Amino acid sequence: MSDTGTLVYVVDDDASAREGVAGLLRSAGLRAKTFASGEEFLAAPPPKTQSCLVLDVNLPGVSGFDVQQQLAKAAVHVPIIFLTGQGDIPMTVRAVKAGAVNFLTKPFDDEELLNAIQQSATYYEDARLHLESEIPSEYNFEDMVGKSNALRKVLEQVAIVAPTDSTVLLHGETGTGKELVARALHGFSPRRDRNLVRLNCAAIPAGLVESELFGHEKGAFTGALIQKRGRFELADRGTLFLDEIGDISLELQPKLLRALQEHEFERLGSTKTTRVDVRLIAATHRDLGSMIREGKFREDLFYRLNVFPIEVPPLRERREDIPLLVHYFVARFARLMEKRIGSIPARSMDALTNASWPGNIRELENFIERCVILTRGDQLLVPLDELVRSAPVFNVHASTFHEAERLAIINALQACRGRIAGRGGAAERLGLKRTTLQRKMSRLNISRSDYDREKADVRN
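What counts, and where the lines are drawn
- Residues numbered from 1 in each chain as written.
- Predicted model: local features only at pLDDT ≥ 70, side-chain atom pairs only at ≥ 80, totals over all residues.
- Heavy atoms only, no water.
- Helix = DSSP H or I, 4+ residues; strand = E, 2+ residues; numbered from the N terminus.
- Buried < 20%, exposed > 50% of the residue type's maximum accessible area, 1.4 Å probe, protein only.
- Contact = heavy atoms within 4.5 Å.
- Areas by Shrake-Rupley, 256 points an atom, 1.4 Å probe, with all protein chains shown as cover.
- Phe/Tyr/Trp six-rings, centres within 6.5 Å; stacked < 30°, edge-to-face > 60°.
- Lys NZ or Arg CZ within 6 Å of the ring centre and 35° of its normal.
- Pairing = 2+ DSSP bridges.
- Axes fitted to C-alpha atoms, helices over the stretch in contact; angles between N-to-C directions.

K.L.:
Can you walk me through the overall build of the protein in this structure?
P.N.:
Across its full length, the protein holds 22 helices and 12 strands. Taken across its 460 residues, the protein has 51% of its residues classed as buried. The contacts of the protein with a sequence gap of at least 6 include a subset with a gap of at least 24, amounting to 68%. In the form shown here, the protein has an accessible surface area of approximately 22,000 Å², with 48% of it arising from carbon and sulfur atoms.

Here's what the structure looks like:
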């Protein structure tokens, strides 16, 4: 490992431990700068070059967690790897959830530390800052990861319309993150301190949507045992997000249009008019123009919704964001499952990037969660055999599949020290029969030298 551009700050009150880490870093071709306390580090000029912070948790005076909080307040973005004793783990997990990229328990393996530094130095800015350098500095769009022009265009539109009360119509395929855009619109609006109320119109039986939107009086219909306030009332002076608005029945659309235009409605079973101040954000994956021509959606309602349309792109149109999303999801799920995953095989990442992901970000997120569950070591185990079996769905090129399948098998064999059959063996890990796995190994020319860790380390 050699990267003379990376400066690693080491903060540890134990002089021998501090200098030991610094010596390891220098022997690996990295620059190191050491500090004996949190106060000393915070008093020094803030990091300006590509850098990483290796930080002891249990420092006297200003603790490692305090240092992290001070850096966050000062908007100093540097990836942090915590060094922790066994008793410090709960605090360290809390710190990782607050934004640190990793933590290692003392005593740790040298390679483990170097791998963690390499990962954080390479991916922190892209996967952690969530486009803060791509959009105006006063905006911080949480959970919206990427740097593609397609996503940047969406965020620029959000930044323009969020401060207004204008109605926004989000259009995009299922799983593209329309709800995240809606949260950003609310979060950067003057209504941010009020409720953001959500209703998925496709998830509610058609006969109950009116009651969910406008509420009902006691006895308004069979089963209406108490008075109920609807989503419009709950969102008063806040924001109402109606997801899948194309699923609202044609009969209910006039009442929705009136509520949007006049800011008033009546609960079911009531003659009393209720007035509200609500900003509406709607979303759909349907082609509302075609629905209008087919007589399934009112044209006047469409125009009322379509004041400021935003097209949320599918993942296949922002493919360069996939590696960032993969790292983001791996980091998130690894923290939740208290796992330390230091790297992602390059060929696995290539296969993930080239997949079509018809379910978009939601499908990718679920797949990465499964990968983290399956991973037992420090390298992400990507069951690309599943992608191979689902080729019509994932639509990865054949050459990529062969490489990905070969790598998945090698990773599984390495993880179980070459054991093919039996409990915990590679066949079980990959969900294959022993004979099937052996046939695949023969077809892909996988020999013991490919998955023997000691020989692989010598070659590298």
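Moving on from the coordinates now.
K.L.:
How do you make sense of the packing of aromatic side chains when you look at a structure like this?
P.N.:
The way to describe two aromatic rings as a pair is by their centre distance and the angle between their planes. Throughout the structure, instances matching the rule amount to 10 aromatic pairs. Measuring from centroid to centroid gives 6.1 Å for Tyr-9 and Phe-35, while their planes differ by 25 degrees, and the two rings are stacked. Here the residue Tyr-9 occupies a position in strand 1 (residues 7-11), and Phe-35 occupies one in strand 2 (residues 31-35), the gap between them amounting to 26 residues. For the pair shown, Tyr-9 and Phe-35 are each scored as buried. Aromatic rings pair up to connect Tyr-9, Phe-35 and Phe-41 into one cluster. Between Arg-332 and the ring centre of Phe-333, over which it is positioned, the NZ or CZ distance is 4.9 Å.

K.L.:
Help me out: how do you make sense of the pairing of strand 4 (residues 80-84) in this one?
P.N.:
Regular strands show a simple pattern: their side chains alternate between the two faces of the sheet. Of all the 5 residues making up strand 4, 5 are buried; the element is thus mostly covered by neighbouring parts of the structure. Residues of strand 4 alternate between two faces, with Ile-80, Phe-82 and Thr-84 on one and Ile-81 and Leu-83 on the opposite face, all of them buried. Sheet topology places strand 3 (residues 51-56) next to strand 4; 4 bridges connect them, and they run parallel. In the sheet register, Asp-56 faces strand 4, and the bridge partner there is Leu-83. Here strand 4 pairs with strand 5 (residues 102-105) via 4 bridges, running parallel. What sits directly across from Phe-82, in strand 5, is Phe-103.

K.L.:
What's the story with the sheet that holds strand 12 (residues 308-311) in this structure? I'm lost.
P.N.:
Strand-to-strand pairing in sheets goes through backbone hydrogen bonds, with the strands running parallel or antiparallel. The strand order across the open sheet built from 5 strands is 7-8-11-6-12, with neighbouring strands paired in parallel fashion. Pairing within the sheet leaves two strands with one partner each, and these edge strands are strand 7 (196-200) and strand 12. Each adjacent strand pair in this sheet contributes to an overall mean axis angle of 15 degrees, direction not counted. Bridging between strand 6 (residues 168-171) and strand 11 (residues 279-284) involves 4 bridges; their strand directions are parallel. By the bridge assignment, Val-168 is partnered in strand 11 with Ile-281.

Note that all results are geometric; they support no functional claim without further evidence.
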